[in-house]
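# Breakdown of the fold
Here is how the chains run, residue by residue.
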Amino acid sequence: MTGTKAAKVPRAAYERELLRLQTELVKLQEWVRAEGARLVVVFEGRDAAGKGGTIKRVAEHLNPRVARIAALPTPSERQRTQWYFQRYVEHLPAAGEIVLFDRSWYNRAGVEHVMGFCTKEEHQRFLRQCPIFERMLVEDGILLRKYWFSVSDTEQQERFRRRLEDPLRRWKLSPMDLESITRWEAYSRAKDEMMVHTDIAEAPWFVVESDDKRRARLNMIAHLLDSVAYREVPPPVLELPPRPSSTGYERSPRDLQTYVPDHAASL
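Here's a quick rundown of the structure. By convention here, each chain's residues receive numbers from 1 onward along its written sequence. At least 70 in pLDDT is required for a residue's local features to be given in this predicted model, at least 80 for side-chain atom pairs to be given and counted, and no such filter applies to totals for whole chains, interfaces and linings, which use all residues. With hydrogens and water stripped out, all remaining heavy atoms of the structure feed into the side-chain values.

## What about the overall build of the chain?
Along its length, the chain carries 10 helices and 5 strands. Dimensions of the chain along its principal axes, counting C-alpha atoms only, are 75 × 50 × 50 Å. Across the chain, every contact between residues at least 6 apart in sequence was considered, and the portion connecting residues at least 24 apart equals 79%. Total accessible area on the chain stands at roughly 16500 Å², and carbon and sulfur atoms take up 54% of it. In this tally, Lys and Arg are treated as positive and Asp and Glu as negative; His is ignored, and so are the chain termini. To locate a charge, take atom NZ for lysine, CZ for arginine, CG for aspartate or CD for glutamate. Of the side chains in the chain, 43 bear a positive and 39 a negative charge, and the two mean positions are spaced by 2 Å. Runs of H or I in DSSP of at least four residues are treated as helices and runs of E of at least two as strands, each being numbered from the N terminus. Residue contacts are defined here by distance: any two heavy atoms, one from each residue, within 4.5 Å place the two residues in contact. Each accessible area value is a Shrake-Rupley result obtained with a 1.4 Å probe; residue values ignore everything except the protein chains displayed when judging cover.

## Things to note about the packing of helix H1 (residues 11-35) against helix H10 (residues 213-227)
Lines fitted to C-alpha atoms define the axes here, with helix axes fitted over just the stretch in contact, and angles between the N-to-C directions of these axes take values from 0 to 180 degrees. Two numbers describe how H1 lies on H10: the axes approach to 10 Å, and their chain directions differ by 25 degrees. Comparing their axes, H10 and H1 come out roughly parallel. Viewed along their axes, H1 and H10 form a crossing whose handedness is left-handed. Contact residues: H1 offers Arg11, Tyr14, Glu17, Leu18, Leu21, Glu24, Leu25 and Leu28, while H10 offers Arg214, Arg217, Leu218, Ile221, Ala222, Leu224 and Leu225. Orientation categories follow fixed angle ranges, with anything under 35 degrees roughly parallel, anything over 145 roughly antiparallel, 65 to 115 roughly perpendicular, and all other angles oblique. Here is the rule for handedness: rotate from the far helix to the near one, and if that takes an anticlockwise turn smaller than a right angle the crossing is left-handed, while a clockwise turn gives right-handed.

## Examining unusual backbone geometry
Notably, Ala48 is not glycine yet its phi reads approximately 65 degrees, a positive angle. Structurally, Ala48 can be placed in the loop between strand E1 (38-45) and helix H2 (51-59). With a phi close to 70 degrees, Arg103 is a non-glycine residue in the positive phi region. Relative to the assigned elements, Arg103 resides in the loop between strand E3 (97-102) and helix H5 (111-114).

## Side note on H1
In a regular helix each residue adds 1.5 Å, so 25 residues correspond to 36 Å; H1 covers 35 Å between its end C-alpha atoms and thus fits that length. Note on exposure labels: buried denotes an accessible area under 20% of the residue type's maximum, exposed denotes more than 50%, and partly exposed covers the range between, all computed with a 1.4 Å probe on protein chains only. Residues of H1 that are buried: Tyr14, Leu18, Leu21, Gln22, Glu24, Leu25, Leu28, Gln29, Trp31 and Val32. Packed against the buried residues of H1 are E1, H2, E3, strand E4 (143-150) and H10. Gly36 occupies a position one or two residues after H1 and carries a positive phi of about 70 degrees. Take the number of residues in a helix, subtract one, and multiply by 1.5 Å to get its expected span.

## A word on the sheet that holds E1
For two strands to count as paired, DSSP must find a minimum of two bridges between them. One open sheet accounts for 5 strands, arranged E2-E3-E1-E4-E5; its pairing is parallel. Of all the strands in the sheet, just strand E2 (67-70) and strand E5 (205-209) have a single pairing partner and so form its edges. Shown here is a sheet whose adjacent strand axes are inclined to one another by a mean of 20 degrees, direction ignored. Of the pairings in the sheet, the one linking E1 to E3 comprises 6 bridges and is parallel in character. Along E3, the bridge assignment pairs Val40 with Val99.

## Some thoughts on the pairing of E4
For E4, the buried fraction is high: 6 of the 8 residues fall into the buried class. As paired elements, E1 and E4 share 7 bridges and run parallel to each other. The partner of Phe43 across the bridge, within E4, is Tyr147. Here E4 runs beside E5; their pairing, made up of 5 bridges, is parallel. Looking at E5, one finds that Ser150 is bridged to Glu209.

## Overview of empty space enclosed by the protein
Space inside and on the surface of the protein is sampled on a 1 Å grid over the protein atoms alone, with a cavity defined as a set of points where a 1.4 Å probe fits but cannot get out and a pocket as an open set with protein on both sides within 12 Å along at least 5 of 7 lines; lining residues have an atom within 4 Å of a point. Grid points are joined across faces, edges and corners, and a volume is the space filled by probe spheres set on the points. A full pass over the atoms with the stated rule returns 2 cavities of 30 Å³ or more. Lining the largest cavity are 17 residues, with Gly45, Arg103, Gly110, Trp148 and Tyr187 positioned closest to its centre. Breaking the lining of the largest cavity down by element, the ones donating at least two residues are E1 and helix H9 (184-198). For the lining of the largest cavity, the element with the highest residue contribution is H9, accounting for 4 residues. Along the lines of polarity and charge, the residues of the lining of the largest cavity split into 7 nonpolar, 5 polar and 5 charged. There is about 40 Å³ of room inside the second largest cavity. For the second largest cavity, the full set of lining residues is Leu25, Leu28, Leu39, Val58, Leu62, Ile98, Leu100 and Leu224. Going through the elements one at a time, H1 and E3 are the ones with two or more residues in the lining of the second largest cavity. In this classification, Asp, Glu, Lys and Arg are treated as charged, Ala, Val, Leu, Ile, Met, Phe, Trp, Tyr, Cys and Pro as nonpolar, and every other residue, Gly included, as polar.

Written out as structure tokens, the structure reads:
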């Protein structure tokens, strides 16, 4: 985005367009399943940049057996001794599957590098190997899409503040998130270096301006849909069968079972 900052997307327009895009995502899912395609979508960006909320909207109406979210925890001691990309490979999709990476192998280019969780040699090795790794994925037929969510320092600070004050979102904030405030420029340099090495023709980066979360979600989903040459797959014809006549079954007495208390009745 350039020039004057765009106005926030009105809620009614946002919800209307989001529903339309989510309907198209279901069509994309059915095409992936029917064609045996493999789709990987990488979500990266600064803390509180809006990745999680976007992933939630992408996956909201999809079949979890087809589209799954990969959000890997801290590597185990055994995983630390593996080839760096190894633990991510096992989460890649098989035919007819979509995987949404909520952060990915790019942890090494960002958090691990800036926070000193990897050595300089490991970081440089990652920057050399990552383009090779991604070219291998694409050459093997995987559809790879990479999105970087860009948020301003003032907006990030405000989102952190709201998380601190909201008991429903307080869990989203970690000491490491707060540490990122003091290392803003270090993360910026790390991102720039990462882009230089990994913004390749076979798997380019697409930057999502995310100070306006609604706009970011709509823009990212619309771009993803436009980037894949999917088609609508006709659904199977289904009809509800007639309910058969009773054969004399009688329900067991209710007092033989334990029911959940009617909490709603107290409202």
